[in-house]
Amino acid sequence: QVQLVESGGGLVQAGDSLRLSCAASGRYAMGWFRQAPGKEREFVAALNSHGGNILYANSVKGRFTIFRDSAKNTLYLQMSSLKVEDTAVYLCAARGEITVATTRSPATYDYWGQGTQVTVSS
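So, here is what we can say about the structure in this document.

Quick notes on the rules
- Residues numbered from 1 in each chain as written.
- Predicted model: local features only at pLDDT ≥ 70, side-chain atom pairs only at ≥ 80, totals over all residues.
- Heavy atoms only, no water.
- Pairing = 2+ DSSP bridges.
- Helix = DSSP H or I, 4+ residues; strand = E, 2+ residues; numbered from the N terminus.
- Axes fitted to C-alpha atoms, helices over the stretch in contact; angles between N-to-C directions.
- Salt bridge = Lys/Arg side-chain N within 4 Å of Asp/Glu carboxyl O.
- Buried < 20%, exposed > 50% of the residue type's maximum accessible area, 1.4 Å probe, protein only.

To continue, consider the sheet that holds strand 8 (residues 74-79). Reading across the sheet, the 4 strands line up as 1-3-8-7 and stay open at both edges, with antiparallel pairing between neighbours. Each edge of the open sheet is held by one strand with a lone partner, namely strand 1 (4-7) and strand 7 (64-69). On average, adjacent strands in this sheet sit at an angle of 15° to one another, irrespective of strand direction. One ladder, built from 6 bridges, connects strand 7 with strand 8; its direction is antiparallel. The residue of strand 8 that forms the bridge with F67 is Y76.

Glancing now at the pattern of salt bridges. Applying the stated criterion across every chain yields a total of 4 salt bridges. Across the pair R34 and E42 runs a salt bridge whose closest N-O atoms are separated by 2.8 Å. Assessed through its relative accessible area of 5%, R34 is described here as buried. Note that R95 and E97 form a salt bridge whose closest N and O atoms lie 2.8 Å from each other. Its relative accessible area of 10% is what places R95 among the buried residues. Taken together, the shared-partner salt bridges connect R34, E42, R63 and D86 into one network.

Structure below.
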């Protein structure tokens, strides 16, 4: 069983930066998703078990960076130039396998954290 615990969310102003963390109990292909009220879960970024093959949603490309600290078993999402439309609950997810593949579909992820709220004010 993979346990995921997110942290780092909060209330910031547009243009600010924020770093999210996800402590994981294993080294799996992982990703970040977000969900705003009344909207479907949306892919943000993902990487494979080795920290490569990184994918980003077009809406965050150039502003967000996903990376992993393998020694700490922690996944990060560095968010810069935040916009009001980035407001959402951000969830960390893991696939239940060691793989070089990276996917955008939430259906391919087996484990989910509880989420951390990010609110960006204008």
